[in-house]
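Results of the structural survey
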Amino acid sequence: MKDIWWQTTGEGDCHLVLLHGWGLNAQVWDCITPELSAHFTVHLVDLPGYGHSVGFGALSLEEMAEQVLMHAPQKAIWLGWSLGGLVASQVALQHTNRVQALVTVASSPCFSAHEDWPGIKPEVLSGFQQQLSEDFQRTVERFLALQTLGTESARQDARALKKTVLSLPMPSTEVLNGGLEILKTADLRQSLTALPMPFLRLYGRLDGLVPRKIVPMLDALWPMSESVVFDKAAHAPFISHPQAFCEPLIALKMQLNK
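Residues numbered from 1 in each chain as written. Predicted model: local features only at pLDDT ≥ 70, side-chain atom pairs only at ≥ 80, totals over all residues. Heavy atoms only, no water.

Looking at an unreviewed UniProt entry, the protein carries the name Pimeloyl-[acyl-carrier protein] methyl ester esterase, with the source organism given as Kluyvera intermedia. Listed under Subcellular location (unreviewed entry) in UniProt, the entry text for the protein is "Cytoplasm". The Sequence similarities (unreviewed entry) comment attached to the protein in UniProt states, word for word, "Belongs to the AB hydrolase superfamily. Carboxylesterase BioH family." (UniProt positions renumbered as here; feature names shortened; annotations may be inferred.)

Put into structure tokens, the structure is as follows:
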């Protein structure tokens, strides 16, 4: 049976949907949920095929967005981390009226490197896909380790991510491969230029998966959006710097309430 796992906490007058990244589940937000729940009605979601959201195979980005939207409040701020950032962006593109504001975290509209665009080399993502079939758990652990490299709390942050993965059954190889395929092929750079809602982008300066070089490039491409870079953070700024991470989200809510 296919079912999206969804949990709501907090009683704020503003809804906030949180979408996790590749290989993980909604427990990754545990470090900031108490703080955010004091300001928002927070919706924690396991993406299709991840965590408790079982019964799904590999989905396209569009299909993933539609599945998540079915359970969502009529109007909310949508926040997506990494792969979740692409899903949240797709929801904003497909259903503008349902998205009060879009927030992407350590995410790129195009994760793959191109001649004029910094990113992950497509052969690296293809390598991860190949390795998944050979050594499933080690490949996921390697990908998680990449997300915390360079931070002062790298070892502790990597442990937190690994604990989140191991707390629930692992996604199937098919689902993980499907997620990597989205990271390898999606390109929303031009699609997002005309978004009508507030758009906030959060980055870690030390991120090894989403190069900081894209920040000024997207500032120029998307002048209607705002970017914040956390100097000592990598790919998971909400884990390494939870308090600083929540501040721009609370400020965004205040801006929307004016």
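Looking now at the overall build of the protein. Scanning the protein from terminus to terminus reveals 10 helices and seven strands. Whereas a compact globule of 258 residues would reach a radius of gyration of roughly 18 Å, the protein reaches 17 Å, a difference of no more than 12%. A burial count over the protein gives 54% of its 258 residues as buried. Long-range pairs, those at least 24 residues apart, make up 78% of the contacts in the protein between residues at least 6 apart in sequence. Carbon and sulfur atoms make up 51% of the accessible area of the protein, which amounts to about 11100 Å² in all. (Helix = DSSP H or I, 4+ residues; strand = E, 2+ residues; numbered from the N terminus. Rg over C-alpha atoms; globule rule 2.2 N^0.38 Å. Buried < 20%, exposed > 50% of the residue type's maximum accessible area, 1.4 Å probe, protein only. Contact = heavy atoms within 4.5 Å. Areas by Shrake-Rupley, 256 points an atom, 1.4 Å probe, with all protein chains shown as cover.)

So, about helix H4 (residues 122-134). For the α-helix, the turn length of 3.6 residues means that residues three or four positions removed from each other point alike. With 13 residues, H4 should cover 18 Å at 1.5 Å per step; its first-to-last C-alpha distance of 19 Å lies within 8% of that length. The complete set of buried residues in H4 reads Leu-125, Gly-127, Phe-128, Gln-129 and Leu-132. The secondary structure elements touched by the buried residues of H4 are helix H5 (136-146) and helix H7 (173-185). (Expected span 1.5 Å × (residues − 1).)

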